[in-house]
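# Fold and geometry: a report
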Amino acid sequence: MTVDHFAIGATVIAIAVIIGWFISWFIHTISICFGVRHLYKKLEPVIPKEELPGVSIIKPLTGVDINLKSNLETFFTQDYPKYELLFSVQDDNDPAILVVKSLIDSYPKVDAKLFIGLKNVGPNGKINNMICPYEAAIYNNIVISDTGIKMTPNTLYEMVHCLKPDVGLVLQMPYCATRKGFGAVYQQVYFGTMQARNCLSANAVNINCSTGMSSLLRREVLDKAGGLAEFGKYLAEDHFMAQAIRAQGFKVVLATTPALQNSGNCSISEFHNRLTRWAQLRMSMLPTLIFLEPVGESVVLGVLTSWAANFLLDVSPLAFFLGHFLLWFLSDYILFRIVENGPLPFSKFEFVVAWLLREFLSPYILLMGHLKDHVVWRNQKYKIQWGGIVQVPVSNSLDVVAVS
Ligand SMILES: CCCCCCCC/C=C\CCCCCCCC(=O)N[C@@H](CO)[C@H](O)/C=C/CCCCCCCCCCCCC
Ligand SMILES: O=c1ccn([C@@H]2O[C@H](COP(=O)(O)OP(=O)(O)O[C@H]3OC[C@@H](O)[C@H](O)[C@H]3O)[C@@H](O)[C@H]2O)c(=O)[nH]1
């Protein structure tokens, strides 16, 4: 390559980097605007409360943590006229059984059942755990809610409110309840900044960006796509369910309040394992993210753009990087306050430390996703293929028992 070719190539790359930098600020701006407009907006009642449709809430459980009982209790105290609770565990030694039974005894007026044992329809353990309650559900509207989720008394109403006739799936954007300890702060900052930015901006422009920890869907729509069992072949069943619902012409929308993850386990290393697993899923399903995700991170994009600005405009790279990083921080701080709907629930110092840690560790998490040749989820190992299909882990199906 001659010097001219080299200079032309470098100029083209530098211009592309600058364009990418503007795109990333466009994403920040959309997420903030959409967050302000959509999150926590006042819901005008459209139909009287007693005429609201019935909802079956499926809770696939695996094990116990110190918050499980209080989290599950929030499902028994929903300010909603007609719903049933369908808990399921995959084996009869699961300690969650005792917790659920004691809550069922304490709230005899709430229609609640416990299913013990899974139906093996594919590699996805969560789907296998949910097949029995899904088949037994009496209502057409199904909420799927992960074990660590806590609701406020209004959450179910807020989700149903978003289920307009043209909507097939309502997702609660992932966020966290405020818990004690730095691990909890770190997770809350992650979900309130990077995750919220991508989730809000993608949904604002109708890009499929789903996380299935708390969602409400129309059963007849899912059944037309083959039912819940059809998605047992994927680990990222949430992404493929949203895709199948959109393919039938229904909208996928965000609920006005985020999902409150409130697991009793706030370990940073386990959280990193979870993020690595999610990164592996995303990269296998959407390979363009292998390139886009790292360049969409503040540190990598900052370094690249500092070089580009210096190359094209002779700007000091250090000054550019520091300005970029400070702006990114301020934008994330504003977004966090929008998602939290109030002041920081911890000190500013903790926010800064958790934010810096996340920004500098994110390339490492993405790298770990590339280095691992298998996915680990709840002690099961899976081999994942391009397209998101997984190979079956060894699993044993128990007889199913329903306990009211
Ligand atoms: C030069 C700048 C370009 C920036 C491009 C930004 C690239 C996107 C970067 C990161 C994507 C992060 C997605 C976070 C949410 C995903 C959470 C998750 O992994 N969930 C899994 C488990 O529940 C789930 O199975 C996977 C779902 C797939 C999500 C795919 C998301 C694509 C989002 C793209 C957002 C771009 C927004 C553009 C708006 C104009
Ligand atoms: O083998 C399993 C694994 C998981 N599960 C249940 O599935 C739910 C989610 O599990 P975890 O909390 O371990 O995982 P995550 O929070 O990472 O899940 C998230 O990412 C992966 C997606 O497929 C899920 O839909 C999403 O909720 C829990 O309720 C858990 O009890 C099972 O019932 N069996």
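Under an unreviewed UniProt entry, the name given to the protein is ceramide glucosyltransferase, and the source organism is Lymnaea stagnalis. According to the UniProt record, the Subcellular location (unreviewed entry) comment for the protein reads "Golgi apparatus membrane".

Before going further, it helps to spend a moment on the overall build of the protein. Looking only at helices and strands, one finds 14 helices and 13 strands in the protein. For 404 residues, the compact-globule estimate of 2.2 N^0.38 gives 22 Å, and the protein sits close to it at 22 Å. Taking the intrachain contacts of the protein between residues at least 6 apart in sequence as the baseline, contacts between residues at least 24 apart amount to 83%.

This next bit is on the UniProt feature "transmembrane region" (unreviewed entry) in the protein. Taking the numbering used here, the UniProt-annotated feature "transmembrane region" (unreviewed entry) corresponds to residues 6–34. End C-alpha atoms of residues 6–34 are separated by 42 Å, and the span's content is 100% helix alongside 0% strand.

Around ligand 1 sit 28 residues, and of these Gly20, Ser201, Ala236, Trp278 and Gly296 come closest. Counting only elements with at least two residues in the shell around ligand 1, the list comes to helix H1 (3–38), helix H7 (194–204), helix H9 (237–247), helix H10 (268–285) and helix H11 (289–295). Taken together, the residues of the shell around ligand 1 break down into 15 nonpolar, 10 polar and three charged.

Turning to the packing of helix H12 (residues 298–313) against helix H14 (residues 348–371), a few remarks are in order. Direction vectors running N to C along H12 and H14 enclose 90°, while the axes themselves pass 8 Å from each other. On the basis of the axis angle, H12 is roughly perpendicular to H14. Between H12, through Ser298, Val299 and Val300, and H14, the contact on the second element is made entirely by Glu359, Phe360 and Pro363. Taken together, the residues of the contact of H12 with H14 sort by class into four nonpolar, one polar and one charged.

Further remarks concern H14. Between the first and last C-alpha of H14 there are 35 Å, a value that for 24 residues agrees with the 34 Å anticipated at 1.5 Å per step. At Leu361, H14 is deflected by roughly 40°, the largest bend along its length, and proline Pro363 occurs up to four residues later in sequence. Those residues of H14 that fall on the buried side of the exposure criterion are Phe351, Ala354, Trp355, Arg358, Glu359, Ser362, Leu366 and Gly369. Tucked inside the fold, the buried residues of H14 contact helix H6 (182–192), H7, H10, H11, H12 and helix H13 (317–340).

We now examine the sheet that holds strand S10 (residues 259–261). Here we have three strands laid out as an open sheet, ordered S5-S10-S7, and mixed in their pairing. The open sheet terminates on both sides in strands that have one partner only, identified here as strand S5 (149–150) and strand S7 (174–176). Bridge count between S5 and S10: two bridges; the pairing is antiparallel. Counted as the bridge partner of Ile149 is Gln261 from S10.

What follows is about the site of ligand 2. Around ligand 2 lies a shell of 21 residues, among which Gly125, Lys126, Asn129, Thr147 and Gly212 are the nearest. If you list the elements that add at least two residues to the shell around ligand 2, you get strand S1 (55–61), helix H4 (125–136) and H9. For the shell around ligand 2, the leading source of residues is H4, giving three residues. Its residues assigned to classes, the shell around ligand 2 comprises six nonpolar, nine polar and six charged.

Rules behind the numbers
- Residues numbered from 1 in each chain as written.
- Chains lettered and ligands numbered in written order.
- Predicted model: local features only at pLDDT ≥ 70, side-chain atom pairs only at ≥ 80, totals over all residues.
- UniProt positions renumbered as here; feature names shortened; annotations may be inferred.
- Helix = DSSP H or I, 4+ residues; strand = E, 2+ residues; numbered from the N terminus.
- Rg over C-alpha atoms; globule rule 2.2 N^0.38 Å.
- Contact = placed C-beta atoms within 7 Å.
- Near = placed C-beta within 6 Å.
- Nonpolar A, V, L, I, M, F, W, Y, C, P; charged D, E, K, R; others polar.
- Axes fitted to C-alpha atoms, helices over the stretch in contact; angles between N-to-C directions.
- Parallel < 35°, antiparallel > 145°, perpendicular 65-115°, else oblique.
- Expected span 1.5 Å × (residues − 1).
- Bend = angle between axes of the 7 residues up to and from the residue.
- Buried ≥ 20, exposed ≤ 12 C-beta atoms within 10 Å, placed from the backbone.
- Pairing = 2+ DSSP bridges.

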